[in-house]
Amino acid sequence: LCADAESLGRPESLSSIRDRGELITHATRYMTNHLLEKHSIDSMCSVAMMSRRMFTDNFRDVTGHTFANYYLAARLEHARYLLLFTDLTLAELAELTGFANKSHLARAFAKSFGVSPALYRKRMRAYSEESNAQYLEKWRWALPDSCEKP
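Procedures and definitions
Residues numbered from 1 in each chain as written. Predicted model: local features only at pLDDT ≥ 70, side-chain atom pairs only at ≥ 80, totals over all residues. Heavy atoms only, no water. Helix = DSSP H or I, 4+ residues; strand = E, 2+ residues; numbered from the N terminus. Expected span 1.5 Å × (residues − 1). Contact = heavy atoms within 4.5 Å. Axes fitted to C-alpha atoms, helices over the stretch in contact; angles between N-to-C directions. Parallel < 35°, antiparallel > 145°, perpendicular 65-115°, else oblique. Left-handed = near helix turned anticlockwise from the far one by under 90°. Nonpolar A, V, L, I, M, F, W, Y, C, P; charged D, E, K, R; others polar. Salt bridge = Lys/Arg side-chain N within 4 Å of Asp/Glu carboxyl O. Buried < 20%, exposed > 50% of the residue type's maximum accessible area, 1.4 Å probe, protein only.

Caption draft 1: Quick look at helix H1 (residues 20-33). Given a rise of 1.5 Å per residue, 14 residues ought to cover 20 Å, and the 20 Å separating the end C-alpha atoms of H1 matches this to within 8%. Those residues of H1 that are buried are in contact with helix H2 (41-48), helix H3 (52-63) and helix H4 (67-85).

The following block contains the structure:
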């Protein structure tokens, strides 16, 4: 592997990677563990050590989604988490989740979840602390260090 393999999120040794599916899984883990960074299909090809064509074909086979749809869903899930557990404005959420602006985030969020981000935050915060605590444990890694944890 090249010297910058660690910076690209590549595994230390290829001996632990047996097939293309594992390379795709590695790339999706890298992407979701580094959601605050912007990712392109080309950067993920580097992480997976595949050509663009091989990556796109294998990504769809393994995940059932295109890279763009998968990445959008991960960013929206991150936004949903931040809506629940922070008081960040929609503009701040848009910046942290890679959307061009708050309008773009609001449109994508409403299309995906069927409700505006503001209404989602209001409704979800009304649910029990126990429910939120379970969600927090699952998605704690997605909370930026700059945000106050509940």
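Caption draft 2: Main features of the packing of H1 against H2. Axis separation between H1 and H2 bottoms out at 9 Å; the angle between their running directions is 125°. Looking at the two axes, H1 sits oblique to H2. In this structure, H1 meets H2 at a crossing whose hand is right-handed. Contacts from Leu23, His26, Ala27, Tyr30 and Met31 of H1 reach H2 at Met44, Val47 and Ala48. Per-class residue counts for the contact of H1 with H2 are seven nonpolar, one polar and no charged.

Caption draft 3: Spotlight on the pattern of salt bridges. One pass over the full model with this rule turns up three salt bridges. As a salt-bridge pair, Asp42 and Arg52 come within 2.7 Å of each other at their nearest N and O atoms. A residue pair is termed long-range when its members are at least 10 positions apart, and Asp42 in helix H2 and Arg52 in helix H3 qualify at 10 residues. Accessibility expressed as a relative area gives 45% for Asp42, which makes it partly exposed. Glu77 is the salt-bridge partner of Arg80, the closest N and O atoms lying 2.8 Å from each other. Here the residue Arg80 and the residue Glu77 both occupy positions in helix H4, the gap between them amounting to three residues, near one helical turn.

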